[in-house]
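Coordinate inspection notes
So the chains spell out like this:
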Amino acid sequence: MFVVKKEIKGNNYYYLRESKREDGKVVAKTIAYLGKSKEEAEKKAKEFKLENKENTMEEKPIEKKQLTIDEIANFCKRKGFIYPSAEIYGGLAGFWDYGPIGSELKNNIKAQWWKQHIHAREDIVGIDGSILTNPKVWEASGHVENFTDIAVVCKKCKNKFKVDEQELATAKCDKCGSDVESKGKFVPMFTTQVGPIEEDSTLAYLRPETAQLIFTNFKLVQENARMKLPFGIAQIGKAFRNEIAPRNFIFRVRELEQMEIEYFIDPDKKEECPYEIEDIEIKLLSSDMQEKNEEPIPMKILDALNKKIIQLPWHAYWLSSSLNWFRSLGANMENFRIRQHLKDEKSHYSTDTWDLEYKFPFGWKELQGIADRGTYDLSQHEKNSGKDLKIMDGETNKKILPMVVAEPSFGVERAFLVFMNEAYTENEKGNVVLKLNPKLAPIKAAIFPLVKKDENLVSIAKEIHKDLRQEWNVLYDATGSVGRRYARNDEIGTPFCITVDSDSIENQDVTIRNRDDGKQKRIKINKLKDTLRKLLSGETEF
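So, here is what we can say about the structure in this document. Position numbers for residues start from 1 in each chain and track the written sequence from start to end. Two thresholds apply to this predicted model, a pLDDT of at least 70 for residue-level local features and 80 or more for giving and counting side-chain atom pairs, whereas whole-chain, interface and lining totals are computed over all residues. With hydrogens and water excluded, all non-hydrogen atoms of the structure serve as input to the side-chain values.

1. A look at the sheet that holds strand β8 (residues 149–154)
A pair of strands is labelled paired if DSSP reports no fewer than 2 bridges between them. Under the DSSP-based scheme used, a helix requires at least four consecutive residues in state H or I and a strand at least two consecutive residues in state E, with every element numbered from the N terminus. Taken in spatial order, the three strands of this open sheet run β9-β8-β10, and their pairing is antiparallel. Unpaired on one side and paired on the other, β9 (160–163) and β10 (180–186) mark the two borders of the sheet. Taken pair by pair, the neighbouring strands of this sheet meet at an average axis angle of 30°, ignoring direction. With five bridges joining them, β8 and β10 adopt antiparallel strand pairing. Looking at β10, one finds that Ile150 is bridged to Lys185. Inter-axis angles, ranging from 0 to 180 degrees, are taken between N-to-C directions of lines fitted to C-alpha atoms, where helices are fitted over the stretch in contact.

The structure is reproduced here in structure tokens:
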């Protein structure tokens, strides 16, 4: 490292530079601004070399840290991802607000899911159903009569939670293991009145799931989109469940958002899956293994299908598709497993049900459910509405009531936790580096002028910022040392930082830094947008 002096508009500026060999050539790069006087520059250079190594050209490998759910919640609040809803009034259990960084990440998760499952396919279309609908929908679906849980309270620690009716006899406190006392059944659906005049109003329910609006609109969607079996209808939307004990941050909440597909086929062709099944190896826990108290074993999806552990090829297909979506966005498959529902867990209409589970900080928990619903839902709505929901099969010219062979459904909040847990790392200095896939990153790039008082550098940096923000969510940051600016952006997952320095004026280039390893390269300004586009899409590596 060495100190250099630059004269700009009659004023002296001192910089710390470093020589490095790249591609067989020795190049010098500016790594810090040191001030306007020689004495100040020499003092700062000495301090930088001895103490402050935040903005060195390369950083040591980053280690993965295992977080508790409380640590994740605190980090999310501190960095603008998620806040307790209306915290200034004490909040409300089970409800959360997403801040400026969290709302971007959440929207990016939904956008990537929609892109892969709707835009990239010809066999799935999307809808956006209403949150409040005719209450007869929930009567027909069985939610009003059957969507019940048992509220229990621990006799010792007074912990409140819910259990299924068949679990009540053997239920123990999930905190201390003591016996529990039943407080009776409850229906976890929020109710409201539609209509301002009480005697004329109608009792309605905030939807507890997004699936039913897919079924009630099924015939219209099929006709409007001219869909032929097999095909799916997808939806992303809010659902509400009046949980007795919301817990584990955003894992179990009262207001949630679901990403869901109902996939329809001819009931006579449920063994025929025309799509290639990606043969992913994953930890598998069958119902037989659970009954024998055996541990999960690694197994390829196709082997499980061929051995009839997974009953339907469609389930194998959707399990592998879901796993591949998480893997494509940077998730480690070692933290996933698939678990088959036990006989008393399955819905009466389902032949087989699998959960995609993730190793959350509080243990293995359900992330996504893959089940077939048969013709149950469409049959129920036909019966209760008196409307014909059958469609014409173009090959046989027969009317068919399709079955739902798979219902890949999971919460945006749980996906958010997965990606946050996967991305959170700390470097050797203890600084957080959030290694989010660039497609998910809330901020795609940060643009810095090396010296915030240098009008030339500021002008170039702001022009770059203005150009890039026409296409991506980027930020401009001129506060603090470059090292601190790097660290701030590492914490929120910004994959690339772009620095404008004195060389940028003469050479019309900038330094671009990679978040994950700290490496830097010089890029011509006129090639910056195209380079960033390729880096963000994964078309090229840094």
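Picking up where we left off.
2. Digging into unusual backbone geometry
Backbone torsion omega between Leu229 and Pro230 reads -5°, so that peptide bond is classified as cis. If you trace the backbone, Pro230 turns up in the loop between α7 (218–224) and β13 (231–240). With a phi angle near 50°, Ala86 is a residue other than glycine that sits in the positive phi range. Structurally, Ala86 can be placed in the loop between β5 (82–84) and β6 (96–98).

3. Comments concerning the packing of helix α2 (residues 69–78) against helix α12 (residues 412–423)
Packing of α2 against α12 leaves a shortest axis separation of 11 Å and a crossing angle of 95°. Judged on the interaxial angle alone, α12 and α2 are roughly perpendicular. Two secondary-structure elements touch here, α2 through Ile69, Ile72, Phe75 and Cys76 and α12 through Phe416, Leu417, Met420 and Asn421. The nonpolar class holds Ala, Val, Leu, Ile, Met, Phe, Trp, Tyr, Cys and Pro. Asp, Glu, Lys and Arg form the charged class, and all remaining residues, Gly among them, are polar. When its residues are assigned to classes, the contact of α2 with α12 shows seven nonpolar, one polar and no charged. Roughly parallel covers angles under 35 degrees, roughly antiparallel covers those over 145, roughly perpendicular covers 65 to 115, and oblique covers all other angles. Residue contacts are counted whenever heavy atoms from the two residues lie within 4.5 Å of one another.

4. Things to note about helix α3 (residues 100–119)
To estimate how far a helix should extend, the number of its residues minus one is multiplied by 1.5 Å. For α3, built from 20 residues, the straight-helix expectation of 28 Å at 1.5 Å per residue is met to within 8% by its first-to-last C-alpha distance of 27 Å. Taken as a whole, α3 has its buried residues at Ile101, Gly102, Leu105, Lys106, Asn108, Ile109, Lys110, Gln112, Trp113, His117 and Ile118. Here the term buried applies to any residue with accessible area under 20% of the maximum for its type, exposed to any over 50%, and partly exposed to those in between, with areas from a 1.4 Å probe on protein chains only.

5. Points about the packing of aromatic side chains
Pairing of aromatic rings covers Phe, Tyr and the six-membered ring of Trp, with a centre-to-centre limit of 6.5 Å; geometry is then stacked below 30 degrees between planes, edge-to-face above 60, and tilted otherwise. Scanning the model with the defined rule gives 30 aromatic pairs in all. Here the aromatic rings of Phe251 and Phe360 are separated by 5.2 Å at their centres, their planes lie at 70°, and the arrangement is edge-to-face. One end of the pair, Phe251, is in the loop between β13 and β14 (255–265); the other, Phe360, is in strand β18 (residues 353–360), with 109 residues separating them in the sequence. You can call Phe251 buried: its relative accessible area is 7%. Note on Phe360: relative accessible area 3%, which makes it buried. Seen from their ring centres, Phe326 and Phe336 are 5.4 Å apart, and the 45° between their planes marks the pair as tilted. Of this pair, Phe326 sits in helix α10 (residues 313–328) while Phe336 is found in strand β17 (residues 336–340), placing the two residues ten residues apart along the sequence.

6. With respect to a negative patch on the surface
Residues Asp164, Glu167, Asp288, Glu291, Glu294 and Asp344 make up a contiguous surface patch of negative charge. With relative accessibility at 40%, the residue Glu294 sits in the partly exposed group. Think of a patch as exposed residues, more than 30% relative accessible area, with no salt bridge, where like charges cluster within 9 Å and nonpolar side chains (Val, Leu, Ile, Met, Phe, Trp, Tyr) cluster within 5 Å. Note on areas: Shrake-Rupley, 1.4 Å probe, and residue coverage restricted to the protein chains presented here. Any Lys or Arg side-chain nitrogen located within 4 Å of an Asp or Glu carboxyl oxygen qualifies as a salt bridge. Counted charges follow a simple rule, with Lys and Arg positive, Asp and Glu negative, and His plus the chain ends left uncounted. Each charge is placed at NZ for Lys, CZ for Arg, CG for Asp and CD for Glu.

7. A short note on a nonpolar patch on the surface
Together, Ile131, Leu132 and Val194 line one region of the surface with nonpolar side chains, adding up to about 210 Å² of accessible area. Tracing the backbone shows Val194 in strand β11 (residues 191–194). Here Val194 falls in the partly exposed class, since its relative accessible area comes to 42%.

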